[in-house]
Structures are given as C-alpha cells and as structure tokens.
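One-letter residues, chain by chain:
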Amino acid sequence: MRKQRRRRSRALIGVVAATAALGLAGCDVIGGSSGGDGGRTRAARTVPVWDRSPASIAAVGDSITRGFDACTVLSDCPEVSWATGTSDQVDSLAVRLLGRAKAADHSWNYAVTGARMADLSGQMADAVVRKPQLVTVMAGANDACRTSVSAMTSVAAFRAQFEDALGTLRKSLPKTQVYVSSVPNLKRLWSQGRTSPLGKQIWKLGICPSMLADADNLTSAATVRRDRVQQRVEDYNKVLAQVCAKDRRCRFDGGAVYEYRFGTDQLSHWDWFHPSTDGQSKLAAIAYRTITAKDPVD
C-alpha cells in the first residue's frame, strides 16, 4: 500500500509539472501566496508576452526609416519617418502608440541611409542604451540593391547577420519586443518609377543599380537580372519570417510591406523609388496594425 501511495504521488507530481510547463509556454506567469487567504496559494495570473501598447520605441534600419527623399532630393527627412516621425501628415508609429507629446521623448531613430543587414547589430547596440520596450526593424533592401547581382548579400550571410543583430538586442534587453518589416517589392517600385523621366535621371546617380540600371531595357538579359534581384528579396523575407518566429517577442509583418502596392502617390517625386510622405504614412499604418493585433500575423 505504501508503495502504491508513493507511485500515485509521483504520478500526481508529474501531471502538475506538465501542466505548469504548458502554462508557461506562451505567457509570463505572476503569482504567489496571499497573507489574507488563510494560507491558501492564490491562483497564478498570466500576462501575455506581447504588449500591444509599449511605452517607448527605437527604430533601426536604412534610408526608408530615415525618410530619405521624402522632403528634398537626396536627403534624409526623419520628421516624416514611418517609425518615429513627428509630421502630422504621417502619423508615425510612435505617435500612434505613444501620443504626440510622449513620442517626442520616448522614441529614437538609429537607422542610417545606405545601411545593410550587416550594420544592424551596431544600430541595435546604440538602441539598447535607451532601453526601449519596442524596436522596429526595416532592413534588407540595400542588401539586394547592389552594384550588380553578384554583389548582393547571400541569403546565408543575411540570416547570420539578422540573427547576430537580434542577439545583440537580447543580450541586454531580453524582454524588448521587436517588429520586423518585410523588404519592399523592388521590382514593383521599378515598374512604377520608370514612368518618370526625372526619376530615371535620379536613378542614374546610383540608386539600386542591380534593379534600376538601364530602366527602359526590356531585353531578356535585363529581365533575368531584375528577376534574380526580386528572388533574393523574397528569400530575405523568408529569412526574416523564420528568424523572427523563433523569438516569442518578435512579430513579422507577414509580408505586408512587400505585398503593398505602392503607387505614384506613395513614391517620392524626387526619385520615384523611396516612399513619399504618403507612403511613409502607409508604412506606419501597416506597422501599427501588426503591433496592436491580438494575434501575430501568420
């Protein structure tokens, strides 16, 4: 009888442990004993891992997050940044989440025009000093926008660099949330922008030559080149989704930015490639929907 009781006790302990493990799988648990309940343990209450109203934001990435060419030619315009801008025309993510007054002191933009994924870890290191509750990531376009197809960042290197950037964040801020934007559809941007003579002149200054060089060249060789760049962008987006999925405090946009059909109103009228003020506003709306959704995008 005594052995049977010991076996039942061990079985019960096993069930309790398994139940506790399942409860911890998706949430942080807060609980403990209460002095006013006759010594009984108060039931643990679960707190969702994802906070839909973070109190501070840091942005990392490239020229899009800097508002490049949205206000003046070949210049940053961070006041219209989709992530941290202050412009009423954009209604940035920071303004939507924090309110205009708080956004001014609780959001920071560490993105750098021309940055590639290899630069993201350094930006993360700068961002962690502020201890933001949310970090936004929009990077990868410049890894595809190289002088040639052969110069594009390999998919394996892109993955390793993104993992390294997240690792830099996690070493200091294990509970900071991360929003990851997909890389835009560069081929669509080419097809829209090539209708502008001014845009094509600006492209000749060196904007995304792997995709935009010889913009009116429709030969099979040029088409193959653009298709290879486009495939690399799609491969990058798969990496972003896969790496983010391994971190329960990371949300990928599900390809929403890649799938967004930027028209001429959403493109800079300086270079017809980067987002205009209206385009920046659309990016802010996509990010806000993703971050405030009850469940992550599949």
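The numbers attached to residues start from 1 for each chain and follow its sequence in the written order. Two thresholds apply to this predicted model, a pLDDT of at least 70 for residue-level local features and 80 or more for giving and counting side-chain atom pairs, whereas whole-chain, interface and lining totals are computed over all residues. By convention in this description, side-chain values take in all heavy atoms of the structure and omit both hydrogens and water.

(A) Representation of empty space enclosed by the protein. Throughout, the protein atoms alone are placed on a 1 Å grid, and a set of points is a cavity if a 1.4 Å probe fits but cannot get out or a pocket if it is open with protein on both sides within 12 Å along at least five of seven lines; lining residues have an atom within 4 Å of a point. Grid points are joined across faces, edges and corners, and a volume is the space filled by probe spheres set on the points. In this structure the tally under the stated criterion is one cavity of 30 Å³ or more. The space that makes up the largest cavity amounts to roughly 30 Å³. Around the largest cavity, the lining residues are D62, M138, A139, G140, A141, S181, S182, V183 and P184. Looking at the lining of the largest cavity residue by residue, the classes come out as five nonpolar, three polar and one charged. Here the term charged refers only to Asp, Glu, Lys and Arg, the term nonpolar to Ala, Val, Leu, Ile, Met, Phe, Trp, Tyr, Cys and Pro, and the term polar to all other amino acids, Gly among them.

(B) Expanded view of the pattern of salt bridges. Salt bridges are defined as contacts in which a side-chain nitrogen from Lys or Arg sits within 4 Å of a carboxyl oxygen from Asp or Glu. Counted by the stated rule, this structure contains eight salt bridges. One salt bridge in this structure joins R100 and D88, with 3.2 Å as the shortest N-O distance. Here the residue R100 occupies a position in helix α3 (residues 100-106), and D88 occupies one in the loop between β3 (57-61) and α2 (93-98), the gap between them amounting to 12 residues. The exposure class of R100 is partly exposed, given its relative accessible area of 40%. A salt bridge links R170 to D247; its shortest N-O distance comes to 2.7 Å. Here the residue R170 occupies a position in helix α6 (residues 155-172), and D247 occupies one in the loop between α10 (220-245) and β7 (250-252), the gap between them amounting to 77 residues. Grouping residues by exposure puts R170 and D247 together as buried. A network of salt bridges, in which partner residues are shared, links R194, K200 and D216. Working definition: helices are DSSP H or I runs of at least four residues, strands are E runs of at least two. Numbering for both runs from the N terminus. Exposure is judged per residue with a 1.4 Å probe applied to protein chains only, and the accessible area is read against the type maximum: over 50% gives exposed, under 20% gives buried, and values in between give partly exposed.

(C) Molecular detail of a nonpolar patch on the surface. A surface patch of nonpolar side chains, about 360 Å² in accessible area, is lined by V73, L74, L205 and W270. With respect to the helices and strands, the residue L74 is situated in the loop between β3 and α2. Residue L74 is classed as partly exposed on the basis of its relative accessible area of 41%. Patches in this entry comprise residues that are over 30% relatively accessible and not in a salt bridge; like charges within 9 Å are linked, as are nonpolar side chains (Val, Leu, Ile, Met, Phe, Trp, Tyr) within 5 Å. All accessible-area figures derive from a Shrake-Rupley calculation using a 1.4 Å probe, and residue coverage is judged against the displayed protein chains alone.

(D) Just the pairing of strand β6 (residues 177-180), in detail. Alternating residues of β6 divide into Q177 and Y179 and V178 and V180, and every residue in both groups is buried. For two strands to be treated as a pair, DSSP must find no fewer than two bridges joining them. Here strand β5 (residues 134-138) runs beside β6; their pairing, made up of four bridges, is parallel. Paired with T136 across the bridge in β6 is Y179. Where β6 and β7 come together, three bridges link them in parallel fashion. Considered in β7, the bridge of V180 is made with F252.

(E) Just the sheet that holds β3, in detail. Spatially, the five strands line up as an open sheet ordered β4-β3-β5-β6-β7, and their pairing is parallel. Looking at the sheet topology across the chains shown, the edges are occupied by β4 (107-109) and β7. With direction set aside, neighbouring strand axes in the sheet form an average angle of 15 degrees. The pairing of β3 with β4 spans three bridges and is parallel. The residue of β4 that forms the bridge with I57 is S107. Whether two residues are in contact is decided by their heavy atoms: any pair within 4.5 Å suffices. Convention adopted: a line fitted to C-alpha atoms gives each axis, helices being fitted over their contacting stretch, and angles between N-to-C directions are expressed from 0 to 180 degrees. Packing against the sheet, helix α4 (residues 120-127) makes contact with β3 and β5, and its axis sits at approximately 160 degrees to β3. With respect to the sheet, α10 is in contact with β6 and β7, its orientation differing from that of β7 by roughly 150 degrees.

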